[in-house]
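Topology and contacts: notes
Okay, here's what each chain looks like letter by letter:
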Amino acid sequence: MALNPLDLYDVAGALTEEERMVRESVGRLVDDKVLPIIQECFEKHRFPRELVPELAALGLLGSSLEGYGCAGLNAISYGLICQELERGDSGIRSFVSVQSSLCMYPIHAYGSEEQKQRYLPGMARGELIGCFGLTEPHGGSDPANMKTHAKRRGKDWVLNGAKMWITNGAIADLAVVWAMTEEGIRGFIVDKGTSGFAAPEIERKFSLRASVTSALYFDNVVIPETHVLPGVVGLKGPLSCLTQARFGIAWGVIGAAQACLAQLLDYSRSRVLFGRPLAQNQTIQIRLADMARRITTAQLLALQLGRLKDAGRMQPSQVSLAKWNNCRMALDIARDCRDMLGGSGISAEYVPVRHMLNLESVITYEGTETIHQLTLGRELTGFNAF
Ligand code: TGC
Ligand code: FAD
């Protein structure tokens, strides 16, 4: 029996019935609703906001959270959601990552009951959009050196500073913003329209053009105590959110790589050069085989990471290894597929160049490749080399 070139080790066969159903239903959404419009969205630099109700209807927003209208799915299901969405476009997966792992997760994990009731059901329904402000203009890799700060004034807080490269910022109804206080780093929920708060979109991007990226500015923004996340103080607050989102990215990028390889397999069979299909050349076969090897390795890594997460045993450095390996794998495959398409590789008719440009962001955000290498280096040696 011929193997599935996109799933050589039958990872699909290792899934539970529920996980398989999640993957299939998200896959259908991507085939029917994302793929027909996404290239045009990318070209026009437009986030397809009309898809948000569809994502919500399938339970994809805050899918691994319990209660508050969330689906309560396991970690592997969340990974499969990301994988299918990113097969469409990294921008759609980014939207879901930020909404679920970076905005709903901290409210769920660290928020008061009132905050959870106020925000989570609306966010699960896609009626409220969230963003996550950690990175600052002077350097995102070292968030401990945070300049955005909040000072107590009576019963309120006053927030000042700036955040940069914030996904969903300009379309967000609320921002979870991390700021330095006298007690350490704390999380603040800033509602859209709060006086002194602005979220202008960053317009000139070559990457993630179907996603909204913004700056956030805080000029004496008054935040009531009811909008402070009570459950966490310190850098571990935002870093714990990143662990959730990085897990999803490690799965998501597999989808982007699969989309590129699938297109290249078709193309290399039908393109005839020197009297034979491109696919009949040894060097082309070696390149395709190498892609399949790397995708398979990434799939198995993600699956085991998901099992560790579902068992409550996943460690941040394991997530770093997977984010690093799988982003590198996907970016290299997208670039190599672009090359094997020849001149067509730069055409909007083919997916690799869009995935390649997107993956330049994905390998950078949620911790650059270097940050994850150094995280693993620290795990192995015990020395902090940051
Ligand atoms: P360090 O001393 O290592 O840690 C401080 C405290 O945090 C704890 N911790 C973690 N907790 C949970 N998950 C993790 N991944 C954690 N990593 C560390 C740690 O145990 C400690 O706790 P405690 O109780 O002892 O205080 O902190 P450090 O200052 O040495 O920094 C370490 C480093 C460099 C790895 C960290 O700063 C880092 O990860 N930098 C990269 C920043 C980053 O990834 N930013 C991403 C911004 S969000 C984004 O990009 C969204 S894109 C989304 C999209 O569109 O899809
Ligand atoms: P820098 O930290 O300035 O790094 C520059 C270079 O220096 C990198 O190559 C880095 O690897 C290297 N470097 C850093 N430290 C070391 C070291 N110790 N040793 C050797 N090399 C080092 N952030 C959010 O908070 N929320 C979001 O929603 C969000 N969305 C984003 C969406 C997009 C499209 C992009 C591009 C970014 C987004 N980010 C977001 C920001 C992202 O997390 C940061 O870009 C990333 O963490 C890197 O920070 P930086 O851009 O300031 O680069």
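Residues numbered from 1 in each chain as written. Chains lettered and ligands numbered in written order. Predicted model: local features only at pLDDT ≥ 70, side-chain atom pairs only at ≥ 80, totals over all residues. Heavy atoms only, no water.

**Quick look at the overall build of the protein**
Helix and strand counts for the protein stand at 10 helices and 9 strands. In terms of overall dimensions, the protein is globule-like: its C-alpha atoms have a radius of gyration of 21 Å, near the 21 Å expected for 386 residues. Dimensions along the principal axes, computed over C-alpha positions, put the protein at roughly 80 × 40 × 40 Å. Across the protein, every contact between residues at least 6 apart in sequence was considered, and the portion connecting residues at least 24 apart equals 75%. Accessible surface computed for the protein: about 16,600 Å², of which carbon and sulfur atoms make up 54%. A gap of 3 Å separates the mean positions of the 40 positive and 41 negative side-chain charges of the protein. (Helix = DSSP H or I, 4+ residues; strand = E, 2+ residues; numbered from the N terminus. Rg over C-alpha atoms; globule rule 2.2 N^0.38 Å. Contact = heavy atoms within 4.5 Å. Areas by Shrake-Rupley, 256 points an atom, 1.4 Å probe, with all protein chains shown as cover. Lys, Arg positive; Asp, Glu negative; His and termini not counted. Charge placed at Lys NZ, Arg CZ, Asp CG, Glu CD.)

**A look at the site of ligand 2**
Around ligand 2, 19 residues are found, and the nearest of them are T135, G140, S141, W165 and T368. Within the side chain of T135, an N or O atom sits 2.7 Å from a nitrogen atom of ligand 2. One nitrogen or oxygen atom from the main chain of G140 is found 2.6 Å from an oxygen atom belonging to ligand 2. Protein chains shield 67% of the accessible area of ligand 2, which is 980 Å² for the free molecule. Those elements that place two or more of their residues in the shell around ligand 2 are β3 (156-167) and α10 (369-381). (Near = heavy atom within 4 Å. Polar contact = N/O pair within 3.5 Å; in protein donor to acceptor, adjacent residues only side chain to side chain.)

**Observations regarding the packing of aromatic side chains**
Two descriptors summarise a pair of aromatic rings, namely the distance from one centre to the other and the angle between the planes of the rings. Applying the stated criterion across every chain yields a total of 8 aromatic pairs. Feature note: the residues Y78, F247 and W251 constitute an aromatic cluster, connected by ring pairs. A cation sits over an aromatic face here: K309 above F247, 5.5 Å from the ring centre. (Phe/Tyr/Trp six-rings, centres within 6.5 Å; stacked < 30°, edge-to-face > 60°. Lys NZ or Arg CZ within 6 Å of the ring centre and 35° of its normal.)

**Points about the domain arrangement of the protein**
Segmentation of the protein into domains returns domain 1 (11-124), domain 2 (130-227) and domain 3 (236-381). Look at where the C-alpha atoms of domain 2 and domain 3 centre, and you get two points 30 Å apart. On the domain 3 side, the residues contacting the 9 residues of domain 2 number 10 residues. Note on domain 2 versus domain 3: buried area summed over both sides is about 780 Å², and carbon and sulfur give 74% of it. Across the contact surface, domain 2 and domain 3 share 0 salt bridges. Across the contact surface, domain 2 and domain 3 share 3 residue pairs in polar contact (both at pLDDT 80 or more). Grouping the amino acids of the side of domain 2 that touches domain 3 by side-chain chemistry returns 6 nonpolar, 2 polar and 1 charged. (Domains from an automatic or database assignment. Buried area = accessible area lost by both parts, 1.4 Å probe. Salt bridge = Lys/Arg side-chain N within 4 Å of Asp/Glu carboxyl O. Nonpolar A, V, L, I, M, F, W, Y, C, P; charged D, E, K, R; others polar.)

**Concerning the side chain of H45**
Mapped onto the elements, H45 comes out in the loop between α1 (17-44) and α2 (52-57). Non-local contacts of H45, meaning those with residues more than four positions away in its chain, are made with E201, I202, E203, K205, R209 and S211.

**Topic: the site of ligand 1**
Lining the immediate environment of ligand 1, one finds 27 residues, of which T167, T243, R246, G367 and R378 sit closest. A distance of 2.8 Å separates a nitrogen atom of ligand 1 from a polar side-chain atom of T243. A distance of 3.2 Å separates an oxygen atom of ligand 1 from a polar atom in the side chain of Y365. Protein coverage of the free-state accessible area of ligand 1, which is 1,100 Å², stands at 73%. Mapped onto the shell around ligand 1, the elements with two or more residues apiece are α4 (90-110), α6 (236-270) and α10.

**Some thoughts on the pairing of strand β5 (residues 184-191)**
Side-chain positions along a regular strand alternate between the two faces of the sheet. The buried fraction of β5 is high, at 8 of 8 residues. The pairing of strand β4 (residues 174-181) with β5 spans 8 bridges and is classified as antiparallel. Along β5, the bridge assignment pairs A175 with V190. (Buried < 20%, exposed > 50% of the residue type's maximum accessible area, 1.4 Å probe, protein only. Pairing = 2+ DSSP bridges.)

**Focus: the environment of S270**
Looking at the secondary structure, you find S270 in helix α6. Counting along the chain gives 68 residues from S270 to I202, while the straight-line C-alpha distance between them is 40 Å.

**Notes on the pattern of salt bridges**
The final tally for this structure, using the stated rule, is 23 salt bridges. Note that E86 and R93 form a salt bridge whose closest N and O atoms lie 2.5 Å from each other. No difference in accessibility class separates E86 from R93, as the two residues are buried. Note that R293 and D290 form a salt bridge whose closest N and O atoms lie 2.4 Å from each other. One end of the pair, R293, and the other, D290, are both in helix α7 (residues 282-310), 3 residues apart, so they sit about a helical turn from each other. Three or more residues are tied together by salt bridges with common partners; here these are D290, R293, R294, R328, D332 and E369.

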